[in-house]
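Letter by letter, the chains look like this.
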Amino acid sequence: ELKVEQNPLFLSMQEEKNYTIYCNYSTTSDRLYWYRQDPGKSLESLFVLLSNGAVKQEGRLMASLDTKARLSTLHITAAVHDLSATYFCAVESNFGNEKLTFGTGTRLTIIP
Amino acid sequence: DVKVTQSSRYLVKRTGEKVFLECVQDMDHENMFWYRQDPGLGLRLIYFSYDVKMKEKGDIPEGYSVSREKKERFSLILESASTNQTSMYLCASSTRDTEAFFGQGTRLTVV
């Protein structure tokens, strides 16, 4: 059974600081996704990582995937307030169907 | 743009009622999913479907059933609603080559 763990669960950080969210998963996979969720809203796709060593960047967010370590990171550079949200990673099993298993999410709060 | 539309944003139902949550997608995606989201538990998969009339149980199927009679529509059914099914329900669709796209969510309260 595929398990996905994110840490930290909660993160408060000051503006202009850097930080990383970690996503570990338990079985072989080479497809990993990052989503953002604002309070009361649905999930918005941020990044799709499809191979070992994949790196994607959008603004102050950068995501990477190490399939050998079964680890993905979401790095935040020089945080700004509008990045406050909950971030989820989701992993697609290599075996058979395309269902996603989600981590529990990281609630990020950027403090001015 | 992919659009996944859930029929209701908010629903209040009584214990024991039969509840239907509807989801429609307009991008001809093969895969459709129903998740529930609860604080501290993330998203948990209830059921998914990879083709018309096909369905597979997810991680927490008990108390739920689904129907997919047409490719664009995936319905979640609570046969007899209970208070522990109060939650946010999220529908999603995808293909082999895309990420999952989510609907706006339905916040269901069972009283």
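Residues numbered from 1 in each chain as written. Chains lettered and ligands numbered in written order. Predicted model: local features only at pLDDT ≥ 70, side-chain atom pairs only at ≥ 80, totals over all residues. Heavy atoms only, no water.

1. Thoughts on the layout of surface pockets
Note the following rule: Using a 1 Å grid laid over the protein atoms alone, points where a 1.4 Å probe fits but cannot get out form a cavity; open sets with protein on both sides within 12 Å along at least 5 of 7 lines form a pocket; any residue with an atom within 4 Å of a point counts as lining. Grid points are joined across faces, edges and corners, and a volume is the space filled by probe spheres set on the points. Strands are runs of DSSP state E lasting at least two residues, helices are runs of H or I lasting at least four, and both sets are numbered from the N terminus onward. Note that Gly is not counted as nonpolar here; it falls among the polar residues with everything else outside the nonpolar set of Ala, Val, Leu, Ile, Met, Phe, Trp, Tyr, Cys and Pro and the charged set of Asp, Glu, Lys and Arg.
Of the pockets and cavities examined, the largest pocket occupies roughly 610 Å³. Along the wall of the largest pocket there are 26 residues; nearest its centre are A:Q37, A:T86, A:R107, B:Q37 and B:P39. Taken together, the elements giving at least two residues each to the lining of the largest pocket come down to β9 (85-92) and β11 (106-111) of chain A together with β4 (31-38) and β9 (87-94) of chain B. Considering every element that reaches the lining of the largest pocket, the biggest residue donor is β11(A), with 4 residues. In terms of residue class, the lining of the largest pocket is built from 9 nonpolar, 12 polar and 5 charged. Approximately 400 Å³ is the volume found for the second largest pocket. Lining the second largest pocket are 22 residues, and of these A:E1, A:L2, A:K3, A:T101 and B:D59 sit closest to its centre. Mapped by element, the contributors of at least two residues to the lining of the second largest pocket are β1 (4-7) and β10 (100-102) of chain A together with β5 (42-49) of chain B. Here the lining of the second largest pocket takes 4 residues from β5(B), the largest share from any one element. Partitioning the lining of the second largest pocket into residue classes produces 10 nonpolar, 6 polar and 6 charged.

2. Considering unusual backbone geometry
With glycine set apart, most residues show a phi of negative sign, and most peptide bonds adopt trans. The criterion, for reference: Accessible area is worked out with a 1.4 Å probe on protein chains only. A residue is then buried under 20% of its type maximum, exposed over 50%, and partly exposed in between.
Cis geometry marks the peptide bond from A:N7 to A:P8; its omega dihedral reads 0°. Counting through the fold element by element, A:P8 comes out in the loop between β1 and β2 (10-14). If you check the backbone angles, A:A78 has positive phi at about 50° while not being a glycine. Within the secondary structure, A:A78 sits in the loop between β8 (71-76) and β9. In this structure, B:K53 takes a positive phi of about 65° despite not being glycine. In this fold, B:K53 is placed in the loop between β5 and β6 (56-57). For B:K53, a relative accessible area of 57% translates into the label exposed.

3. With respect to the sheet that holds strand β8 (residues 73-78) of chain B
Residues and elements named next belong to chain B. Put simply, the rule is: DSSP-based pairing: two strands are paired if at least 2 bridges between them are found. A fitted line through C-alpha atoms represents every axis, and for helices the fit uses only the stretch in contact; the resulting angles, taken between N-to-C directions, go from 0 to 180 degrees.
Here 4 strands make up an open sheet; going across it, the order is β1-β3-β8-β7 and the pairing antiparallel. Two strands lie at the open edges of the sheet, namely β1 (4-6) and β7 (64-70), each paired on one side alone. On average, each strand axis in the sheet is inclined to that of its neighbour by 20°, with strand direction left out of account. Pairing geometry for β1 and strand β3 (residues 19-25), over 3 bridges, is antiparallel. Counterpart to V4 in the pairing with β3 is Q25.

4. Topic: the interface of chain A and chain B
For clarity, the cut-off: Residues count as neighbours in contact if any of their non-hydrogen atoms are within 4.5 Å of one another. Buried area, as used here, totals the accessible surface that two parts lose on assembly, with accessibility defined by a 1.4 Å probe and the loss added over both. By salt bridge we mean one thing: a side-chain nitrogen of Lys or Arg within 4 Å of a carboxyl oxygen of Asp or Glu.
The partner chain B presents 22 residues to the 18 residues of chain A that form the contact. Approximately 1,700 Å² of surface area, both sides summed, lies buried where chain A meets chain B, with 51% of it carried by carbon and sulfur atoms. By the criterion of area lost to chain B, the three top residues of chain A are A:E98, A:K99 and A:F102, representing 30% of everything that side buries. There are 1 salt bridge connecting chain A and chain B.

5. Side note on the confidence of the model for chain B
Filter applied, for reference: Residue-level confidence of the predictor is what pLDDT reports, using numbers from 0 through 100.
Chain-level pLDDT for chain B is 94 on average; 98% of the residues reach the 70-or-more range. The spread of mean pLDDT over the elements of chain B runs between β6(B), the lowest at 92, and β8(B), the highest at 98.

6. Regarding the packing of aromatic side chains
The description of an aromatic ring pair uses the distance of the two centres, along with the angle that the planes make with each other. Residue and element names in this part refer to chain B. Rules: Whether two aromatic rings pair depends on their centres lying within 6.5 Å, for rings of Phe, Tyr and Trp, where Trp uses its six-membered ring; planes under 30 degrees apart make the pair stacked, over 60 edge-to-face, and the rest tilted.
Inspection of the entire model under this criterion finds 9 aromatic pairs over all chains. Relative to F48, the ring of F33 lies with its centre 6.0 Å away and its plane at 20°, an arrangement referred to as stacked. Placement of F33 in strand β4 and of F48 in strand β5 is noted, with a sequence separation of 15 residues between them. No difference in accessibility class separates F33 from F48, as the two residues are buried.

7. Focus: the sheet that holds β1(A)
All names here are of chain A. Pairing is antiparallel in the open sheet, where 5 strands are placed in the order β1-β3-β8-β7-β6. At either end of the open sheet lies a strand with only one pairing partner, and these are β1 and β6 (55-58). Taking the axes of each pair of neighbouring strands and ignoring which way they run, one obtains an average angle of 15° across the sheet. Bridging between β6 and strand β7 (residues 61-66) involves 4 bridges; their strand directions are antiparallel. From the neighbouring strand, Q57 faces β7, where its bridge partner is M62.

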